[in-house]
Amino acid sequence: MMRWERDAGASLSFWEKSYLYLLKLGLDFCGLSPYTRTQIKIIHVYDYTKRDKGVSFGGIRRKRLPYYVQDGIGKSMVGAAAASGAKEGMDMIKLENINKYFGELHVLKDVNLEVKEGEKLVIIGPSGSGKSTTVRCMNFLEEPSGGHVYIDGEELTHRNKTQLVRRTTSMVFQQFNLYPHMSVIKNLTLAPMKLHHKSRAEAEELAYHYLDVVGLREKAHVYPTTLSGGQQQRIAIARALCMQSKIILFDEPTSALDPETIQEVLDVMIKLAKENITMVVVTHEMGFARQVADRVVFMADGQILEEGTPDEFFENPQNERLKTFLGKIIRK
């Protein structure tokens, strides 16, 4: 049960509760967590006080509505500041004992994984090993059957997944997933405008900047169906960058491409790896893993069997299953 209360502890009136509830609804599409929305609501209400305009609702004019929200929906200003400070130095992504079932099929088995801020983590393994499912559990595209997922120190749940994922995470898929009826520039500006409430000018400035990054500025006003597979995937990467997320997840971004266009996508990803973006990449491109990864993880049969730096991983593998896998895909 959610309670709205004054700082002094007295219950708010019906109109105050209604006003704050409308604020909650009005901010629900910002891509922010309930924790962050609570901070914004507090600042918003006190801004009225500073300007001495008061708040008018239901015929009642009030100069301020000091409050906090209990039962895990939010915190007071002091509590919020303390929580913010406590997040420093924590893992950007943390999976604890993740299990995933599809019916009776046990796909992930007690997966534990931590990804530091700015780290480039590459996940490799045979088909059906659980690589893509692991990444999709990181943003709850697949909700785990058991275990816990933490993003930037905050637990990801069914209740907060939309806000927390929008605020922190973008994803690049195997099949591009661009809107075919929209031009490239509209594909890139849609989410920043709808979810982050940027103006059209701000969203287009971002879009052109990231089109420059992926080398496709001249394609801004064409439709995705006129582009090659490699170009579409580079547009998809630019779209993910336009969200300005702390984390970008890549689910086999080159698997649907022909050999001639794979390298142009990998070149963009290599360029991104030099930035302070946390990247988790599922791929079969061993050269990319060697060149870009800070750490490489090997999965098989729904479990993490080995992990290490690229040098350790490729030059001195310890797990027999990994040795067999590398022996089949790396040509001497």
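About the cut-offs
- Residues numbered from 1 in each chain as written.
- Predicted model: local features only at pLDDT ≥ 70, side-chain atom pairs only at ≥ 80, totals over all residues.
- Heavy atoms only, no water.
- Buried < 20%, exposed > 50% of the residue type's maximum accessible area, 1.4 Å probe, protein only.
- Helix = DSSP H or I, 4+ residues; strand = E, 2+ residues; numbered from the N terminus.
- Pairing = 2+ DSSP bridges.
- Right-handed = clockwise from strand over helix to strand, strands pointing away.
- Axes fitted to C-alpha atoms, helices over the stretch in contact; angles between N-to-C directions.
- Parallel < 35°, antiparallel > 145°, perpendicular 65-115°, else oblique.
- Left-handed = near helix turned anticlockwise from the far one by under 90°.
- Contact = heavy atoms within 4.5 Å.
- Nonpolar A, V, L, I, M, F, W, Y, C, P; charged D, E, K, R; others polar.
- Core = buried A, V, L, I, M, F, W, Y, C linked by side-chain atoms within 4.5 Å.

A. Quick look at the pairing of strand β12 (residues 278-282). Taken across its five residues, β12 has five buried, putting it largely inside the fold. Because side chains alternate across β12, one face comprises the buried residues Thr278, Val280 and Val282, and the other comprises Met279 and Val281, equally buried. Of the strand pairs in this sheet, strand β7 (residues 120-124) and β12 are connected by four bridges, and their pairing is parallel. Bridging from a neighbouring strand, Leu121 pairs with Val280 of β12. As judged from the five bridges shared by strand β11 (residues 247-251) and β12, these two strands associate in the parallel manner. Residue pairing across strands places Ile248 opposite Met279, the latter belonging to β12. Viewed along the sheet, the connection from β11 through helix α9 (residues 259-272) into β12 turns out right-handed.

B. Geometry of the packing of helix α6 (residues 184-195) against helix α8 (residues 229-242). Orientation of α6 relative to α8, taken along the N-to-C sense of each, is 25°, at an axis distance of 8 Å. By the angle class used here, α6 and α8 are roughly parallel. Of the two elements, α6 crosses α8, and the hand of that crossing is right-handed. Contacts from Val184, Asn187, Leu188 and Pro192 in α6 reach Ile235, Ala238, Arg239 and Cys242 in α8. Taken together, the residues of the contact of α6 with α8 break down into six nonpolar, one polar and one charged.

C. A look at the sheet that holds strand β8 (residues 146-151). Ordered in space as β6-β5-β8-β9, the four strands form an open sheet in which the pairing is antiparallel. Lying at the two open borders of the sheet, with one neighbouring strand each, are β6 (105-115) and β9 (154-156). Direction aside, neighbouring strands of the sheet carry axes that sit 30° apart on average. Of the pairings in the sheet, the one linking strand β5 (residues 93-102) to β8 comprises five bridges and is antiparallel in character. Note on β8: the bridge partner recorded for Glu96 is His148.

D. Focus on the nonpolar core. Ranked by internal contacts, the top residues of the largest apolar core, which has 51 residues, are Ile124, Ile237 and Phe250. With sequence-adjacent residues up to four places away left out, Ile124 is seen in contact with Lys131, Thr283, Met286, Val296, Val297, Phe298, Met299, Phe313, Phe325 and Leu326. If you look at the next biggest cluster of nonpolar residues, it comprises 27 residues, including Val111, Leu113, Val280 and Val282.

E. Examining unusual backbone geometry more closely. Phi is positive for Glu252, which is not a glycine, with a value near 45°. When you line up the elements, Glu252 lands in the loop between β11 and α9. Positive phi, close to 55°, is recorded for Asp301, a residue that is not glycine. Here Asp301 shows up in the loop between β13 (295-300) and β14 (303-308). Taking the relative accessible area as the measure of exposure, Asp301 reaches 52% and is therefore exposed.

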